[in-house]
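Coordinate inspection notes
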Amino acid sequence: MTQITIAVVSKLLLVTDLDNTLVGDDDALNRLNAWFKEHRQTYDSKLVYATGRSLKSYQRLLTHTSLLEPDGLIASVGTEIYYPGNQLDQAWSNPSSGWDRARIAAIAQQFSQLIPQPETEQRPFKLSFALTPENSLILSELQAQLIAEGMEAEIIYSNDHDLDIVRCKANKGSALTYICSRLGFTAEQTIVCGDSGNDISLFTANTRGIIVGNARKELRQWHQAHLEGDRYLAQAQYAAGIMEGLTYFGIMHQ
């Protein structure tokens, strides 16, 4: 096993997506967990998961994946935030004046290409669908229809499959800015990690970022079009890619 030591004395907020970012290589995940447990204990660093999964789906993941308990959980693509003990941040979940879930659902029903995801993934401020790449041309029409109806909603398409309609300013990136303030971290103390389109907003929060080597096409294309950010595109995949990025930023020494 590779020995990992702490390279710098630095309090860190590590924010990472779960599926295909932190999760995917059990050996690398266990090594990263061991390093972060020491770093958290020594420097009071914090860990936040930012996932498209609902709370229930996240809890199912815990039954077969070794994950550290996070200090915060950004769930359902940023529309919900939880703290230890599954405590929901009610302030974050307050309704938006322009959010009319029933009306948005009715608009979505006009597009037969949108296949609803399981009921567990349908949340108060998120509607989730499956959408194939060949049908993704409807996205601009769907967005135009939402705007025409006066709906304050954001469309997030990722993995060539997942289409989420969420309330405006409730994506992963805006949730990250909010939770940084709650936990007392600056952007300079924060590193974000992701692999797909629904992670793009994380990388727009003026933090350092790590894109894992197995990142999806939509994130790679966005990265190439926005090279001005302080991001590292890893060669290694999953948690190994996160460790590679932490080494690049001088936080970890492998």
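Residues numbered from 1 in each chain as written. Predicted model: local features only at pLDDT ≥ 70, side-chain atom pairs only at ≥ 80, totals over all residues. Heavy atoms only, no water.

**Some details on the side chain of Thr-190**
Basically, it comes down to this: In this text, helices come from DSSP runs of H or I with a minimum length of four residues, and strands from runs of E with a minimum of two, each type numbered from the N-terminal end. Type-normalised accessible area, obtained with a 1.4 Å probe on protein chains alone, sets the label of each residue: buried when under 20%, exposed when over 50%, and partly exposed for intermediate values. Pairing of N or O atoms within 3.5 Å defines a polar contact, subject to two protein rules: one partner must be a possible hydrogen donor and the other a possible acceptor, and residues neighboring in sequence count only if both atoms are side-chain atoms.
Here Thr-190 is to be found in strand E11 (residues 190-194). For Thr-190, a relative accessible area of 0% corresponds to the buried category. One polar contact links the side chain of Thr-190 to the main-chain carbonyl oxygen of Thr-186, over a distance of 2.8 Å.

**Section: the pattern of salt bridges**
The cut-off we apply is this: Salt bridges, as used here, are contacts in which a Lys or Arg side-chain nitrogen is within 4 Å of a carboxyl oxygen on Asp or Glu.
Here the structure, examined in full by the defined rule, presents 12 salt bridges. A salt bridge links Asp-44 to Lys-11; the nearest nitrogen and oxygen atoms lie 3.9 Å apart. Residue Asp-44 is found in the loop between helix H1 (26-43) and strand E3 (46-50), and its partner Lys-11 is found in the loop between strand E1 (5-6) and strand E2 (13-16); the two are separated by 33 residues along the sequence. We classify Asp-44 as partly exposed; its relative accessible area is 39%. The closest approach of N and O atoms between Asp-164 and Lys-126, which form a salt bridge, is 3.8 Å.

**A word on the sheet that holds strand E8 (residues 126-130)**
So the rule is basically this: We call two strands paired when DSSP finds no fewer than two bridges between them. The contact criterion used is simple: two residues touch if any of their non-hydrogen atoms lie within 4.5 Å. Lines fitted to C-alpha atoms define the axes here, with helix axes fitted over just the stretch in contact, and angles between the N-to-C directions of these axes take values from 0 to 180 degrees.
Read across the sheet, 4 strands follow the order E7-E8-E10-E9 without closing on themselves; strand pairing throughout is antiparallel. On the outer flanks of this sheet lie strand E7 (115-116) and strand E9 (153-158), each paired with one strand and no other. Bridging between E8 and strand E10 (residues 162-167) involves 5 bridges; their strand directions are antiparallel. Within E10, the residue paired with Leu-127 across the bridge is Ile-165. Contacts between helix H4 (residues 138-148) and the sheet are confined to E9 and E10, with E9 contributing the most and set at about 165° to the helix.

**Quick look at the environment of Asp-71**
As for its placement among the helices and strands, Asp-71 is situated in the loop between helix H2 (55-62) and strand E4 (72-75). Owing to a relative accessible area of 17%, Asp-71 belongs among the buried residues under this scheme. Spatially, the C-alpha atoms of Asp-71 and Leu-13 are 9.6 Å apart, while their sequence positions differ by 58 residues. Look past the residues within four positions of Asp-71 in its chain and what remains in contact with it is Arg-40, Ser-45, Lys-46, Leu-47, Tyr-83 and Pro-84. Within polar-contact distance, the side chain of Asp-71 engages the side chain of Arg-40 at 3.1 Å.

**Points about the pairing of E3**
The following threshold applies: Seen with the strands pointing away from the viewer, any crossover whose path from the first strand over the helix to the second strand runs clockwise is right-handed.
Summarising burial for E3: 5 of the 5 residues are buried, a large majority. Both faces of E3 are covered, namely the face carrying Lys-46, Val-48 and Ala-50 and the face carrying Leu-47 and Tyr-49. Alignment of E2 against E3, held across 4 bridges, turns out to be parallel. Pairing of Leu-14 across the sheet is with Leu-47, part of E3. Traced from E2 through H1 to E3, the parallel crossover comes out right-handed.

**Examining the environment of His-64**
For His-64, the location among the structural elements is in the loop between H2 and E4. According to the relative accessible area criterion, His-64 is exposed, its value standing at 60%. With 35 residues separating them along the chain, His-64 and Leu-29 place their C-alpha atoms 13 Å apart. A distance of 3.3 Å separates the side chain of His-64 from the side chain of Thr-65, its partner in a polar contact.

**Notes on the pairing of E11**
For E11, the buried fraction is high: 5 of the 5 residues fall into the buried class. Residues Thr-190, Val-192 and Gly-194 point to one face of E11 and Ile-191 and Cys-193 to the other, with burial holding for every one of them. Two elements, E11 and strand E12 (residues 208-211), share 4 bridges in a ladder whose sense is parallel. Its bridge partner being in E12, Val-192 is matched across the sheet by Gly-209.

**A closer look at the packing of H1 against helix H7 (residues 238-248)**
A packed helix pair is summarised by two numbers, namely the angle formed by the two axes and the spacing between the axes. Put simply, the rule reads: Here the angle decides the label: under 35 degrees means roughly parallel, over 145 means roughly antiparallel, 65 to 115 means roughly perpendicular, and every other value means oblique. We call Asp, Glu, Lys and Arg charged. Ala, Val, Leu, Ile, Met, Phe, Trp, Tyr, Cys and Pro are nonpolar, and the rest, Gly among them, are polar.
Where H1 contacts H7, the axes come no closer than 8 Å and their chain directions differ by 40°. Classified by the angle between their axes, H1 and H7 sit oblique to one another. Taking contact as the criterion, the partners of Ala-28, Leu-29, Arg-31, Leu-32 and Trp-35 in H1 are, on H7, Ala-239, Ala-240, Ile-242, Met-243 and Leu-246. Residue classes in the contact of H1 with H7 are distributed as 9 nonpolar, no polar and 1 charged.

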